[in-house]
Each structure stands twice: as structure tokens, then as C-alpha cells.
Amino acid sequence: MVYPIDAVLVHKRAPEQVLLTSAARDAQGCWVFQGSLPPGLPGSPGLPVPGPGATCPATLLAVELVRQAKIAYTHLVWDVPLDWAFIINELSFTWTREPATIPALHTGPVQVRVRSDAAQTRNGRIRDLQLSADLLTGGTLIGTGRGDFTCLPARTYQGIRRSAAPDPGHSTAEEGTVLTNVALDTDTLAGQLAWNRDDRFIFDHASDHVPGILIAQATLKAHQLLTSSTAGHISLLCHNFAEYNAPIAVNATLTEPGRTRISITEPPRV
């Protein structure tokens with residue numbers, strides 16, 4: 001059976017921001033999501049060339065593909081209600097091939113194959129879910145991702161977020177800019193998270209916290225500025241929500257050639 005994918009199934013509002021078209025089980029019993037990438041998304045028309053000008057849009061696009069597939073998988077396979085909230089605890093993605101050898105994501109069929117690694121339930125419902133995913137183009141594996149999500153009923157989520165700062169609805173930078181006030185040294189970077197509300201890839205709908213995909217984009221950008229190279233791997237560990245009512249600092253350190261450790265903080269909260 002083939003299941004169509006719509007916006008509500010991947011927690012989006014605008015249909016043009018939905019990167020998946022359908023889902024079905026394959027012969028091995030895995031769930032495979034078919035992707036169709038419209039123009040205008042990060043990474044168009046293909047992967048960036050590593051170097052000083054690279055901004056890692058294809059890595060960001062891959063993270064979003066995997067994220068949408070995992071959310072849809074949770075609703076379809078684990079019967080999580082559509083109005084439940086998803087909190088990202090951990091999220092990672094790794095290219096399994098050199099970026100220069102990977103086919104452009106927009107020029108051929110894209111698939112995301114998802115499977116469950118571990119699950120915790122409460123009162124018969126999924127509470128925490130750990131998932132793995134393979135990203136393929138034309139049937140060839142090009143990347144892998146993992147994620148740890150907490151799933152909460154809408155009322156529970158509203159309770160823990162009752163004192164959240166409201167979404168101000170304004171921009172803090174020009175479109176395409178995610179870091180401002182950047183101070184760059186040989187092996188360190190310090191800056192401030194910024195955003196533009198006209199970026200529909202990031203701001204598809206209002207939220208009571210700064211979107212996690214924006215934080216992913218900022219970490220990729222900080223890595224690129226510090227190393228002059230495109231990240232082949234990103235791993236996010238999320239401790240708290242990023243709130244709108246305080247400056248958000250981005251600090252990066254070069255830990256070894258080509259590798260960075262990045263902290264996103266609203267002092268003193270990480």
C-alpha cells in the first residue's frame with residue numbers, strides 16, 4: 001500500500017515545503033519515503049562545491065529530508081496523533097560519499113529509508129523514539145541519519161511551554177544570513193544567531209521557540225567559516241528550547257583539522 005504525504009503529516013503548513021510525496025514498505029519490510037524537491041529550496045540546483053564560498057545548503061536539505069521522513073514515519077507506523085508535538089533531543093546526518101561525487105539532489109529520485117532503533121512508551125503511547133534513516137538518490141546510498149525524538153500530547157506540550165516568549169514575527173538580518181557580529185580567529189568563532197522571516201524553508205509557520213533547523217543551519221555556517229570547507233557530518237545534541245526574547249550566542253572551536261565543536265547558548269542556558 002502506498003501512503004500519500006501531505007503537509008500535516010510532516011508538521012508543515014505550506015505544501016511547497018513538503019519534500020516527500022509518498023511512503024510504502026519495501027520487500028524487506030522497511031518504510032521508504034519518496035522525495036520530490038521543488039526549485040527554490042536550499043541546495044538548488046545541486047550540492048555546493050566545498051571551499052570558502054560553500055554554505056552547506058545541501059547538507060541542510062538532507063537534514064530536513066531525513067527529519068520529515070522520521071516525523072511521517074512516527075505518525076504512520078506508531079500511530080502518534082497528528083496534533084502531538086515532537087521535541088528533538090538528538091539529530092545527526094553523515095554523507096557516506098565525498099560531496100563532489102554525489103548526484104545533485106534535485107536531478108533524480110530521492111528516497112529516505114527509515115527504521116526504528118528503540119522506543120519507550122507511556123500509557124500505551126510512544127514517548128521517546130530513536131530512528132535511523134538512509135538517504136538514497138537513484139537507488140544509491142549517499143547519506144545516513146539518526147534521531148532521538150520525544151513525542152508529547154498537545155496539552156502536555158502547552159503546559160511545559162506556557163511561559164514561553166511569544167514569537168515576535170520580525171527579522172533580525174537579511175535573507176540568507178544566519179550569523180551576525182561574527183568575530184573569527186584562527187581556531188575560534190563567536191557570533192550571534194540571526195534570521196529572516198521571509199525564508200519560508202525555516203519559517204513555514206509560527207512557533208513558540210526558535211526553529212531547530214535554523215540552529216542546524218547556523219552550526220553548518222559556523223563550521224564553514226572556521227574551516228573553509230563543507231561539513232560532511234553534523235551531530236546536534238539539544239538541551240533546551242531556544243527562546244525569542246534573548247540574544248542567542250554561537251561559539252565554535254576548531255578541535256582538529258576539519259572538525260569543530262559548536263555551542264548555541266542563551267547564557268547561561270545551553
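Each value, and the rule that gives it
- Residues numbered from 1 in each chain as written.
- Predicted model: local features only at pLDDT ≥ 70, side-chain atom pairs only at ≥ 80, totals over all residues.
- Heavy atoms only, no water.
- Helix = DSSP H or I, 4+ residues; strand = E, 2+ residues; numbered from the N terminus.
- Rg over C-alpha atoms; globule rule 2.2 N^0.38 Å.
- Buried < 20%, exposed > 50% of the residue type's maximum accessible area, 1.4 Å probe, protein only.
- Contact = heavy atoms within 4.5 Å.
- Areas by Shrake-Rupley, 256 points an atom, 1.4 Å probe, with all protein chains shown as cover.
- Lys, Arg positive; Asp, Glu negative; His and termini not counted.
- Charge placed at Lys NZ, Arg CZ, Asp CG, Glu CD.
- Pairing = 2+ DSSP bridges.
- Axes fitted to C-alpha atoms, helices over the stretch in contact; angles between N-to-C directions.
- Salt bridge = Lys/Arg side-chain N within 4 Å of Asp/Glu carboxyl O.
- Expected span 1.5 Å × (residues − 1).
- pLDDT = per-residue confidence, 0-100.
- Phe/Tyr/Trp six-rings, centres within 6.5 Å; stacked < 30°, edge-to-face > 60°.
- Lys NZ or Arg CZ within 6 Å of the ring centre and 35° of its normal.

Participant: Would you mind going over the overall build of the protein with me for this structure?
Facilitator: Of regular secondary structure, the protein possesses three helices and 12 strands. Against the globule reference of 18 Å for 270 residues, the protein gives a C-alpha radius of gyration of 18 Å, in line with a compact fold. Along the first, second and third principal axes, the C-alpha atoms of the protein reach 55 × 45 × 30 Å. Here the protein, with 270 residues, has 48% of them falling under the buried criterion. By sequence separation, contacts in the protein at least 24 residues apart represent 63% of the contacts at least 6 residues apart. A total accessible area of about 13,000 Å² is found for the protein, and carbon and sulfur atoms account for 51% of it. Side-chain charges in the protein split into 21 positive and 24 negative, and the spacing between the mean points of these groups amounts to 6 Å.

Participant: Please clarify how the sheet that holds strand 1 (residues 3-4) should be interpreted in this entry.
Facilitator: The pairing of strands in a sheet comes from backbone hydrogen bonds and takes either a parallel or an antiparallel form. The eight strands are arranged 1-2-3-5-6-7-4-10 in an open sheet whose pairing can be described as antiparallel. Of all strands in the sheet, those bounded by a partner on one side alone are strand 1 and strand 10 (233-237). Pairing between strand 2 (residues 20-25) and strand 3 (residues 31-35): five bridges, direction antiparallel. In the sheet register, S22 faces strand 3, and the bridge partner there is Q34. Of the strands in this sheet, strand 1, strand 2, strand 3, strand 4 (85-95), strand 5 (110-122), strand 6 (125-137), strand 7 (140-152) and strand 10 touch helix 1 (residues 57-78), which is tilted by about 130 degrees from strand 4.

Participant: Looking at this model, I keep getting lost on the pattern of salt bridges. Mind explaining?
Facilitator: If the charged atoms of two oppositely charged side chains come close together, the side chains can form a pair. A complete count under the given rule lists 10 salt bridges for this structure. One salt bridge connects R125 with D79, and the closest N-O pair in it is separated by 4.0 Å. Of this pair, R125 sits in strand 6 while D79 is found in the loop between helix 1 and strand 4, placing the two residues 46 residues apart along the sequence. A single network of salt bridges, built from pairs that share partners, joins K12, E64 and R67.

Participant: Honestly, the sheet that holds strand 11 (residues 249-256) in this entry has me stumped. Any pointers?
Facilitator: Spatially, four strands are ordered 8-9-11-12 in an open sheet, and the strand pairing comes out antiparallel. Only two strands of the sheet have a single partner each, and these edge strands are strand 8 (179-184) and strand 12 (259-265). Neighbour to neighbour, the strand axes of the sheet diverge by 20 degrees on average, direction disregarded. Sheet analysis places strand 9 (residues 188-193) next to strand 11, joined by five bridges and oriented antiparallel. Within strand 11, the residue paired with L189 across the bridge is A252.

Participant: Can you walk me through the environment of E16 in this structure?
Facilitator: Residue position: E16 is located in the loop between strand 1 and strand 2. Spatially, the C-alpha atom of E16 lies 35 Å from that of L189, the residues being 173 residues apart in sequence.

Participant: What should I look at first to understand helix 3 (residues 212-227) in this one?
Facilitator: Taking 1.5 Å per residue as the helical rise, helix 3 with its 16 residues ought to reach 22 Å, and the 23 Å between its terminal C-alpha atoms agrees with that figure. The buried fraction of helix 3 is high, at 13 of 16 residues. Just beyond helix 3, the residue with positive phi is S228, at close to 55 degrees.

Participant: Quick question: what am I supposed to make of the confidence of the model for the protein here?
Facilitator: Detailed reading of the predicted model is not advised wherever pLDDT is low. Confidence in the prediction of the protein, expressed as mean pLDDT, is 89, and 90% of residues score 70 or more. Every residue in residues 44-55 is under pLDDT 50, and counting partners more than four places away or in other chains gives 28 contacts.

Participant: Would you explain the packing of aromatic side chains in this entry?
Facilitator: For any pair of aromatic rings, geometry is given as the distance between the ring centres together with the angle between the planes. As enumerated under the stated definition, the model contains five aromatic pairs in all. Aromatic pair F86 and F149: ring centres 6.4 Å apart, planes at 70 degrees, arrangement edge-to-face. Of this pair, F86 sits in strand 4 while F149 sits in strand 7, placing them 63 residues apart in sequence. Judged by its relative accessible area of 16%, F86 is buried. F149 gets classed as buried once you look at its relative accessible area, which sits at 2%. Measuring from ring centre to ring centre gives 6.2 Å for Y157 and F241, while their planes differ by 75 degrees; the resulting arrangement is edge-to-face. Note that Y157 is positioned in helix 2 (residues 154-160) and F241 in the loop between strand 10 and strand 11, a separation of 84 residues in sequence. Here R161 stacks its cationic end above the ring of F241, 4.1 Å away from the centre of that ring.

Participant: Help me understand the side chain of T74, please; the structure alone is not making it clear to me.
Facilitator: By the secondary structure assignment, T74 is in helix 1. The class of T74 is buried, set by a relative accessible area of 2%. In this structure T74 touches D79, V80, F86, L129, L131 and C151, once residues within four positions along its chain are discounted.

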